[in-house]
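Structural features, examined
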Amino acid sequence: MAATRYRRFLKLCEEWPVEETKRQRDLGVFLRQRVAQAFREGENTQIADPETCDRMYESLVRIHTNYYKNKYPRLKDTSFTGLTVEDCKMILATDILKQMEDMKKGTWRKLREKFYAKKPEEDSK
């Protein structure tokens, strides 16, 4: 039975998309890591609590298939901010968040990082 569970999780991982804009913060990548961790021995893995494993799988399937989005459709595809889904995805992209983090830094901190950062050639002297 563990082999069946393992195959179901693998199939779910294959179907789950990976968003390149969310490096190191993507749910698909996290899911793959957790499945690899939970099923270290592949199909031969002994599952301590099969019921919890099955519930977790079913929950992930509902998320992946947009079960609740379809069950409770929204009247508008915007949030309280008025932004569309595409706008939110763009704002939450890792590159944009990094730029925003850099903008938060004060002038003194930027100058200090620029001039006092060790360069590789200085280390070899």
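The structure reproduced in this document is the subject of the present report.

Each value, and the rule that gives it
- Once a new chain begins, its residue numbering starts again from 1 and follows that chain's sequence as written.
- This being a predicted model, a pLDDT of at least 70 is required before a residue's local features are given, and a value of 80 or more before pairs of side-chain atoms are given or counted; all residues contribute to the totals for chains, interfaces and linings.
- Calculated side-chain values reflect all of the structure's heavy atoms, with hydrogen atoms and water omitted.
- Working definition: helices are DSSP H or I runs of at least four residues, strands are E runs of at least two. Numbering for both runs from the N terminus.
- Relative accessible area decides the class of each residue, using a 1.4 Å probe on protein chains only: under 20% of the type maximum gives buried, over 50% gives exposed, and in between gives partly exposed.
- What sets the accessible areas is the Shrake-Rupley method with a 1.4 Å probe; for residues, cover comes only from the shown protein chains.
- The span one expects for a helix is its residue count, reduced by one, times 1.5 Å.
- Here the arc refers to the directions that run from the helix axis out to each C-beta atom.
- Here, nonpolar core refers to any group of buried Ala, Val, Leu, Ile, Met, Phe, Trp, Tyr and Cys residues whose side-chain atoms link them within 4.5 Å.
- Contacts were defined at the residue level, with two residues in contact if any of their heavy atoms lie within 4.5 Å.
- The definition of a polar contact used here is a pair of N or O atoms within 3.5 Å, where within protein one atom must be able to donate a hydrogen and the other to accept one, and adjacent residues in sequence count solely through side-chain atom pairs.
- Note on geometry: axes are C-alpha line fits, over the in-contact stretch for helices, and angles between N-to-C directions span 0 to 180 degrees.
- Put simply, angles under 35 degrees are roughly parallel, angles over 145 are roughly antiparallel, angles from 65 to 115 are roughly perpendicular, and the rest are oblique.
- Take the far helix as the reference: if the near one is turned anticlockwise from it by less than a right angle, the crossing is left-handed, and if turned clockwise, right-handed.
- Each residue receives one of three labels: charged for Asp, Glu, Lys and Arg, nonpolar for Ala, Val, Leu, Ile, Met, Phe, Trp, Tyr, Cys and Pro, and polar for the others, Gly being one of them.

**Points about the overall build of the chain**
Summing up its helical and strand segments, the chain has 8 helices and 0 strands in all. For the chain, the residues scored as buried account for 17% of the 125 residues in total. Element-wise, carbon and sulfur atoms account for 56% of the exposed surface of the chain, whose accessible area totals about 10,800 Å².

**Considering helix α3 (residues 50-64)**
Each full turn of the α-helix corresponds to 3.6 residues, which orients residues three or four apart in the same direction. For α3, which comprises 15 residues, the first-to-last C-alpha distance of 21 Å matches the rise-based estimate of 21 Å (1.5 Å per residue) to within 8%. Cys-53, Tyr-57 and Leu-60 are the residues of α3 that are buried. On an axial view of α3, the arc spanned by its buried residues comes to 65 degrees, and they lie on one face. Along α3, the residues that are exposed and aim more than 90 degrees away from the buried face are Glu-51 and Arg-55. Following α3 by one or two positions, Asn-66 adopts a phi angle in the positive range, close to 55 degrees.

**Some details on the nonpolar core**
Grouped together as the largest cluster of nonpolar side chains are 11 residues: Tyr-6, Phe-9, Leu-12, Cys-13, Trp-16, Leu-31, Val-35, Phe-39, Cys-53, Tyr-57 and Leu-60. For this core, the secondary structure elements donating two or more residues are α1 (2-15), α2 (27-38) and α3. Element by element, the count of residues in this core is highest for α1, at 4 residues.

**Some thoughts on α2**
For α2, which comprises 12 residues, the first-to-last C-alpha distance of 16 Å matches the rise-based estimate of 16 Å (1.5 Å per residue) to within 8%. By the burial criterion, the buried members of α2 are Gly-28, Leu-31 and Val-35. On an axial view of α2, the arc spanned by its buried residues comes to 60 degrees, and they lie on one face. Tucked into the core, α2 has its buried residues touching α1 and α3. For α2, the capping residue at the N-terminal end is Asp-26, with a side-chain oxygen 3.4 Å from the backbone nitrogen of Gly-28.

**Concerning the packing of α1 against α3**
Here α1 crosses α3 at 20 degrees, and the two axes come no closer than 11 Å. By the angle between their directions, the pair α1 and α3 is classed as roughly parallel. The hand of the α1/α3 crossing is left-handed. Judged by residue contacts, Arg-5, Arg-8, Phe-9, Leu-12 and Glu-15 of α1 engage Pro-50, Cys-53, Asp-54, Tyr-57, Glu-58, Leu-60, Val-61 and His-64 from α3. Split by residue class, the contact of α1 with α3 holds 7 nonpolar, 1 polar and 5 charged.

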